[in-house]
Amino acid sequence: MDMTVWEWFRRRSFHHGDYRGLVAGDRTTTLILPARNVAATIGPILDTVAGLQARTGLPGQVVVVDADSPDGTADIARAHGAEVYSENELLAGYGPTQGKGDAMWRGLSVARGDIVMFADADTADFGEHFVYGTLGPLLADPGIRFCKAAYRRPYATGEKSVVDGGGRVTELMAKPLLNRFYPELTGFVQPLAGEFAARRDLVVNLPFLTGYGVEIGLLIDVLAHVGLAAMAQVDLGVRQNRHQPLRDLARMSSVILHAMSLRVPALERRPPADVPGLWALRRPEIYLHAVATEDGLRLDEHLSDVLERPALARMGTGDLIPNALW
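Residues numbered from 1 in each chain as written. Predicted model: local features only at pLDDT ≥ 70, side-chain atom pairs only at ≥ 80, totals over all residues. Heavy atoms only, no water.

(A) Structural detail: the packing of aromatic side chains. This model, assessed by the stated rule, comprises seven aromatic pairs. Ring centres of Tyr94 and Trp105 lie 5.0 Å apart, and the angle between their planes is 80 degrees; this geometry places the pair in the edge-to-face category. On the criterion of sequence distance, the pair formed by Tyr94 in the loop between β4 (83-86) and α4 (100-108) and Trp105 in helix α4 is long-range, its members being eleven residues apart. The class for Tyr94 is partly exposed, based on a relative accessible area of 31%. An aromatic cluster of at least three residues, connected via ring pairs, comprises Phe118, Phe146, Phe196 and Phe208. In this arrangement the basic side chain of Arg180 is found over the ring face of Phe181, its NZ or CZ atom lying 5.3 Å from the centre. (Phe/Tyr/Trp six-rings, centres within 6.5 Å; stacked < 30°, edge-to-face > 60°. Helix = DSSP H or I, 4+ residues; strand = E, 2+ residues; numbered from the N terminus. Buried < 20%, exposed > 50% of the residue type's maximum accessible area, 1.4 Å probe, protein only. Lys NZ or Arg CZ within 6 Å of the ring centre and 35° of its normal.)

Following this line, the structure appears as structure tokens:
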């Protein structure tokens, strides 16, 4: 079924309140939380999830994929009843985990639910509606196969807060790129949201980009596999999570551009083979960032490599044996 963006926005944009009374029934669901140094937030998040789970059976399985965090994230998550895995021991044959997207991909290998939800573990105001709202459209409508969270992103510094000042990489990089290259996806309020749900038989057939580029890569790949009409978004209200320094946002933006270039070949500019100069000094995956500091000007070099992990459904069963830490 073909839809314009305007039609999709009207028919596939929902509100979390529409799904407040949902229960699991015979449907199986998994929540995966990739985690890195989130000792301050992982406990309250899991307590909130446990309360919902006790009343509704949602989600049926809770998985924390920890980045071997030195702050005790794994111990806290384990004490709160989650299944805890080290990201580096899941699918260990692929070497050390390369960022968030890789952790999500590895976590998917231990998911048992027919519907799989991912959520960020650094949210300070995580409510039950984050879970039932994101799962709701898939539980209520068999024609929906993917649902992305939408919310307002305040920017807080000290006691001051700008209502819609957050999500700077989304507004300045992701949305302009989607408008230019994938206009079908411009109705998504938060295309980079870490909260989304999908049917397992869909996501196991998709590749995952490593690092911060995973969300935009999946959004594009889901569109290609199931079409816009099978995608949805749900309004979760307001979400407050950790804000990054401007320099880190620049690197994150670079990763989004790199990820997009993997889906839009025309963006992957290569230097002419017979032209010497700057291109010969560095590889495209190295991100150079010129900054001014109190000690003077500095040119920093950061690795901005983006790998692509294969669809789990295409791997042999011997590659999927996890090592649990619980």
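(B) The arrangement of the pattern of salt bridges in detail. Here the structure, examined in full by the defined rule, presents 15 salt bridges. Note that Asp102 is salt-bridged to Arg309, the shortest N-O span being 2.8 Å. Placement of the pair is Asp102 in helix α4 and Arg309 in strand β14 (residues 308-309), with a sequence separation of 207 residues. The burial state of Asp102 is the same as that of Arg309; both residues are buried. Across the pair Arg239 and Asp122 runs a salt bridge, and its minimum N-O distance is 3.6 Å. Taken as a pair, Arg239 in the loop between β11 (231-238) and α9 (246-263) and Asp122 in the loop between β5 (115-118) and α5 (128-140) lie far apart in primary sequence, 117 residues in all. Like Arg239, the residue Asp122 is buried in the burial classification. Each of Lys100, Asp120, Asp122, Glu195, Glu215 and Arg239 takes part in salt bridges that share partners, so that together they form one network. (Salt bridge = Lys/Arg side-chain N within 4 Å of Asp/Glu carboxyl O.)

(C) Highlighting the packing of helix α6 (residues 168-181) against α9. As a packed pair, α6 and α9 sit with axes 10 Å apart at the nearest point and diverge in direction by 20 degrees. The orientation of α6 relative to α9 falls into the category roughly parallel. Judged by the sense of rotation from one axis to the other, the crossing of α6 with α9 is right-handed. Between α6 and α9, the contacting residues are Arg168, Val169, Met173, Ala174, Leu177 and Leu178 on the first element and Leu249, Met252, Ser253, Ile256, Leu257 and Met260 on the second. (Axes fitted to C-alpha atoms, helices over the stretch in contact; angles between N-to-C directions. Parallel < 35°, antiparallel > 145°, perpendicular 65-115°, else oblique. Left-handed = near helix turned anticlockwise from the far one by under 90°. Contact = heavy atoms within 4.5 Å.)

(D) Region of interest: the sheet that holds strand β2 (residues 29-35). As summarised here, the arrangement of the eight strands in space is β1-β11-β6-β9-β5-β2-β3-β4, forming an open sheet in which the pairing is mixed. In this open sheet, the two edge strands, each paired with only one partner strand, are β1 (13-15) and β4. On average, adjacent strands in this sheet sit at an angle of 25 degrees to one another, irrespective of strand direction. Here β2 pairs with β5 via four bridges, running parallel. Its bridge partner being in β5, Thr29 is matched across the sheet by Ile115. Sheet strands touched by α5: β1, β2, β5, β6 (146-152), β9 (196-199) and β11. Its angle to β11, the strand with the most contacts, is close to 160 degrees. Contacting β6, β9 and β11, helix α8 (residues 214-226) runs over the sheet at an angle of about 145 degrees to β11. (Pairing = 2+ DSSP bridges.)

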